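An overview of the molecular structure
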Amino acid sequence: MKNYLFALIVMLITTSVVHSQHVNLGVKGGLNAYTISGDNSADYEPKIGFNFGLLGHIHFNKVFAVQPEVVYSVQGPKYKSGGSDIHLNLNYVNIPILLQYMHDNGFRWEAGPQLGILVNARSVNGSGSTDIKVNYENIDLGLAVGMSYVKPSTGFGYSFRYNHSFTNINANDAVKSYNRGLQLGLFYLFHHKS
């Protein structure tokens, strides 16, 4: 299944590049506010993290584009257990492929699938840290929805996005857990055409 999904992503990107008018590469970074939703009894609160990575912006025409990204993302919630603050650190490499509707003034609406690959998972309590990656699925599939703005002729912009997971990330199927998160970021597109 993972190989088919990877092949589909590569095919979509390749097809987009071949049929596009022009392609821009860029860099991005920003802040996350992630939590976990589901039938777990823990009272999870959003935890602030960060994200950074690379993006491609591929124009089909003046209105539609596709934007594939590869982003390292520090996710996971915080919660209380026995009076102690626990930070659940779930770090992913996320690969969203966003279809964008672009306005003339630089604003863009965007939505598309996102593949998340779990890099590591740790439970942090004070100065102690425990590796808990075995408790979580390695793959997380979801949907990214948001908007972005790029300042015409400069290539600098910002984005706001909501990420909604459809994959139960808990390796123990008895408890359903799903990533939910907001992202606020800045980006720069090299050789951007307005």
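Everything discussed here concerns the structure shown above.
Residues numbered from 1 in each chain as written. Predicted model: local features only at pLDDT ≥ 70, side-chain atom pairs only at ≥ 80, totals over all residues. Heavy atoms only, no water.

Topic: the pattern of salt bridges
Applying the stated criterion across every chain, the model contains four salt bridges. Note that Lys80 is salt-bridged to Asp85, the shortest N-O span being 2.5 Å. What makes Lys80 exposed here is its relative accessible area of 58%. The exposure class assigned to Asp85 is partly exposed, which follows from its relative accessible area of 43%. The shortest N-O distance in the salt bridge between Arg161 and Glu110 comes to 3.2 Å. Of the two residues, Arg161 sits in strand S9 (residues 156-165) while Glu110 sits in strand S6 (residues 107-125), which places them 51 residues apart along the sequence. Judged by relative accessible area, which is 4%, Glu110 ranks as buried. Through salt bridges with shared partners, a single network forms among Lys28, Glu69, Glu110 and Arg161. (Salt bridge = Lys/Arg side-chain N within 4 Å of Asp/Glu carboxyl O. Buried < 20%, exposed > 50% of the residue type's maximum accessible area, 1.4 Å probe, protein only. Helix = DSSP H or I, 4+ residues; strand = E, 2+ residues; numbered from the N terminus.)

Section: the pairing of S6
As paired elements, strand S5 (residues 84-102) and S6 share 15 bridges and run antiparallel to each other. What sits directly across from Tyr92, in S6, is Leu118. With antiparallel pairing between neighbouring strands as the criterion, S5 and S6 make up a hairpin whose turn holds four residues, including Gly106 at a positive phi of roughly 105°. Direction of pairing for S6 relative to strand S8 (residues 139-150): antiparallel, over a ladder of 11 bridges. Paired with Leu115 across the strands is Leu141, a residue of S8. Across four bridges, the pairing between S6 and strand S7 (residues 128-131) is antiparallel. Bridge pairing in S7 places Val124 opposite Ser129. Joining the antiparallel neighbours S6 and S7 is a turn of two residues, in which Gly126 adopts a positive phi near 65°. (Pairing = 2+ DSSP bridges.)

Regarding a nonpolar patch on the surface
Together, Val23, Leu25, Val27, Leu54 and Phe190 make up a nonpolar patch on the protein surface, roughly 450 Å² of accessible area in all. Looking at which element gives the most residues to the nonpolar patch, the answer is strand S1 (residues 22-38), with three residues. The residue Phe190 is located in the segment after strand S10 (177-189) in this model. (Patch = residues over 30% accessible without salt bridge, like charges linked within 9 Å, V, L, I, M, F, W, Y side chains within 5 Å. Areas by Shrake-Rupley, 256 points an atom, 1.4 Å probe, with all protein chains shown as cover.)

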